[in-house]
Amino acid sequence: MTAEISVLVVEDDPVAADAHGLYVARTPGFRVAATAHSCAGALRALERARAAGTPVDLALLDLYLPDGHGLQLCRTLRAAGHTTDVIAVTSARDLAMVRQAVSAGVVQYLLKPFSSAALRERLDRYARYRASLGRPGEAVGQDEVDQAFALLRTPERSALPKGLSAPTLETVAGVLRAADAGLSAAAAGAAAGVSRITARRYLEHLVDTGLAVREPQYGQVGRPELCYRWRS
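Computed from a predicted structure; not experimentally measured.

A. Focus on the overall build of the protein. Secondary structure assignment for the protein yields nine helices and ten strands. For the C-alpha atoms alone, the extent of the protein along its principal axes is close to 70 × 35 × 35 Å. For the protein, the share of sequence-separated contacts (at least 6 apart) that also reach a separation of at least 24 residues comes to 64%. Carbon and sulfur atoms provide 54% of the accessible area of the protein, an area that totals close to 12,400 Å². Averaging the coordinates of the 27 positive side-chain charges in the protein and doing the same for the 24 negative ones gives two points 4 Å apart.

B. A look at the environment of Ala173. Topologically, Ala173 is positioned in helix H7 (residues 166–178). For Ala173, a relative accessible area of 1% corresponds to the buried category. The sequence separation of Ala173 and Ala19 amounts to 154 residues, and the corresponding C-alpha distance is 18 Å. Once residues within four sequence positions are removed from consideration, Ala173 is found in contact with Leu206 and Trp230.

C. Broad picture of the sheet that holds strand S8 (residues 183–184). Here three strands make up an open sheet; going across it, the order is S8-S10-S9 and the pairing antiparallel. In the strand order of this sheet, the two ends are held by S8 and strand S9 (212–217), each with one partner. As judged from the two bridges shared by S8 and strand S10 (residues 225–230), these two strands associate in the antiparallel manner. What sits directly across from Ser184, in S10, is Cys227. Across the face of the sheet, H7 comes into contact with S8, S9 and S10 while running at roughly 90° to S10. Relative to the sheet, helix H9 (residues 196–208) contacts S8, S9 and S10, its axis offset from that of S10 by approximately 55°.

D. A look at the packing of aromatic side chains. By the definition in use, this model includes two aromatic pairs. Residues Tyr23 and Phe114 carry aromatic rings whose centres are separated by 6.4 Å and whose planes lie at 70° to one another, so their mutual orientation is edge-to-face. Of the two residues, Tyr23 is situated in helix H1 (residues 14–25) and Phe114 in the loop between strand S7 (108–111) and helix H5 (116–132); the sequence distance between them amounts to 91 residues. Since its relative accessible area comes to 12%, Tyr23 is described here as buried. With 6.0 Å between their ring centres and 40° between their planes, Tyr126 and Tyr129 make a pair best called tilted. Taken together, the residues span about one helical turn, with Tyr126 and Tyr129 both in helix H5 at a distance of three residues. A relative accessible area of 0% means that Tyr126 is categorised as buried. A cation over a ring is seen here: Arg177 above Trp230, with NZ or CZ 4.5 Å from the ring centre.

E. Expanded view of the side chain of Ser38. Residue position: Ser38 is located in the loop between strand S2 (30–36) and helix H2 (39–51). At 3.0 Å, the side chain of Ser38 forms a polar contact with the backbone nitrogen of Gly41. Ignoring anything within four residues of it in the chain, the contact list for Ser38 reads Val10, Leu65, Pro66 and Asp67.

F. Molecular detail of the pairing of S10. Two strands pair when backbone bridges link them, and S9 and S10 are joined in this way by six bridges, in the antiparallel orientation. Bridge pairing in S10 places Gln217 opposite Glu225.

G. The arrangement of the state of the cysteines in detail. Applying the stated criterion across every chain yields a total of zero disulfides. Cys74 supplies the cysteine sulfur nearest to Cys39, a cysteine that is in no disulfide, at a spacing of 9.2 Å. In this structure Cys39 comes out as buried when scored by relative accessible area, which is 10%.

H. Fine view of the pattern of salt bridges. This structure, assessed with the given rule, holds nine salt bridges. Taking the shortest distance from any N to any O, the salt bridge between Glu170 and Arg93 comes out at 3.8 Å. Here Glu170 is found in helix H7, whereas its partner Arg93 is found in the loop between strand S6 (85–90) and helix H4 (95–103), with 77 residues between them in sequence. Owing to a relative accessible area of 36%, Arg93 belongs among the partly exposed residues under this scheme.

Parameters and conventions
- Residues numbered from 1 in each chain as written.
- Predicted model: local features only at pLDDT ≥ 70, side-chain atom pairs only at ≥ 80, totals over all residues.
- Heavy atoms only, no water.
- Helix = DSSP H or I, 4+ residues; strand = E, 2+ residues; numbered from the N terminus.
- Contact = heavy atoms within 4.5 Å.
- Areas by Shrake-Rupley, 256 points an atom, 1.4 Å probe, with all protein chains shown as cover.
- Lys, Arg positive; Asp, Glu negative; His and termini not counted.
- Charge placed at Lys NZ, Arg CZ, Asp CG, Glu CD.
- Buried < 20%, exposed > 50% of the residue type's maximum accessible area, 1.4 Å probe, protein only.
- Pairing = 2+ DSSP bridges.
- Axes fitted to C-alpha atoms, helices over the stretch in contact; angles between N-to-C directions.
- Phe/Tyr/Trp six-rings, centres within 6.5 Å; stacked < 30°, edge-to-face > 60°.
- Lys NZ or Arg CZ within 6 Å of the ring centre and 35° of its normal.
- Polar contact = N/O pair within 3.5 Å; in protein donor to acceptor, adjacent residues only side chain to side chain.
- Disulfide = S-S within 2.5 Å.
- Salt bridge = Lys/Arg side-chain N within 4 Å of Asp/Glu carboxyl O.

Everything listed here is a matter of coordinates, which is why it stays silent on function.
Right, here's the structure in full:
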């Protein structure tokens, strides 16, 4: 029986960390080894696992952590002899950051917000990549090496819940992120150029993925209106 791939979730927001851990636990062949909310916490978890003889296989790593940057953490763990692979899970879209991630040894780069299906696809590809390099000995030739690396690539678009599109999701997320206060679905829709009903679907998806929070806003009369705000 093939051993499960152990995963360290590194995410400073506890709600998002719980969501990512749940996604991992629901993916066959994977298990959550530990959860950390900082660079220091991640290093401690990796050291404990190595000392116990069960080194962590993979880290889901947010790049913006309270005590340092995720890419610096990558360099630190390599210097300390950890061989844990890293999938960056981040909202950082800067291309220079992506280049730095590649140079730091990040095997995949997944942008927030994302769906459980998108993460599962990356995890499945990573599992196939590990399996392709699991036998002892040397590669038969260049084709075998190329096929192993190709398994990490994702040419198709990331899966989102039915009816949602990535460009609109990015627009609604950008509107919410830029807002100084909570927004109603109507206000978010007007700013994003979509209907209130459409905006609500995207806002609810952001809540489900842990990137936004939903809270009632009480007025003087009538039922309270639901407002959404980006989780800082």
